[in-house]
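These are the residues of each chain, in order.
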Amino acid sequence: MKKEDKKKLWNKIFSKIFLALLIAFLALYLSEKTGYYEYEQHKQVTLTKEKIKQFEEDVAAGKNIDIKDYTTEEAINYETKISQAGLNISKNVGKIVKVGLEGTFNFLNEIMEGK
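Moving on: the overall build of the protein chain. When helices and strands are tallied, the protein chain shows three helices and zero strands. Counting helices and strands in the order they occur from the N terminus, the protein chain gives α-α-α. For 115 residues, the compact-globule estimate of 2.2 N^0.38 gives 13 Å, and the C-alpha radius of gyration of the protein chain, at 29 Å, exceeds that figure by more than 25%. With the principal axes as the frame, the protein chain shows a C-alpha extent of 80 × 60 × 25 Å. Counting only residues that meet the buried cut, the protein chain has 3% of its 115 residues in that class.

With that out of the way, let us pick up the pattern of salt bridges. A full pass over the atoms with the stated rule returns one salt bridge. The partner of Asp58 in a salt bridge is Lys63, and the shortest N-O contact between them spans 3.6 Å. By relative accessible area, Asp58 is classed as buried at 11%.

Another aspect to go through is the confidence of the model for the protein chain. Across the protein chain, pLDDT averages 85, with 96% of residues at or above 70. Confidence, expressed as mean pLDDT per element, reaches its minimum in the protein chain at helix 2 (residues 36-61) with 78 and its maximum at helix 3 (residues 81-114) with 92.

Judged by side-chain polarity, Phe14, Phe18, Leu19, Leu22, Ile23, Phe25, Leu26, Tyr29 and Leu30 come together as a nonpolar surface patch covering roughly 930 Å² of accessible area. For Phe18, the location among the structural elements is in helix 1 (residues 3-33).

Conventions used here
Residues numbered from 1 in each chain as written. Predicted model: local features only at pLDDT ≥ 70, side-chain atom pairs only at ≥ 80, totals over all residues. Heavy atoms only, no water. Helix = DSSP H or I, 4+ residues; strand = E, 2+ residues; numbered from the N terminus. Rg over C-alpha atoms; globule rule 2.2 N^0.38 Å. Buried < 20%, exposed > 50% of the residue type's maximum accessible area, 1.4 Å probe, protein only. Salt bridge = Lys/Arg side-chain N within 4 Å of Asp/Glu carboxyl O. pLDDT = per-residue confidence, 0-100. Patch = residues over 30% accessible without salt bridge, like charges linked within 9 Å, V, L, I, M, F, W, Y side chains within 5 Å. Areas by Shrake-Rupley, 256 points an atom, 1.4 Å probe, with all protein chains shown as cover.

The structure is reproduced here in structure tokens:
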């Protein structure tokens, strides 16, 4: 590969990395400037105040109280087909490595006992 071709390749790679970082920065900057994070926090605080008020009313009314009625725990599932495939590959590679290491140590143990 010529020196000029290498230089062009590195410039192309660098420009794509720079562009990706610039887009990521702009997305974070705009979300901060538009107040997205603060709005999400505000929604949680408002919800919490409403639940506290409801709790106090239920206590005053003498109702049975269960903590699950006043908490909002949303279990968000972040699994995708790609992450599941990665997890399965990782588990299978782990099994293969385990079997390989056990076989190696068993072989070495037989050699050592044979002496």
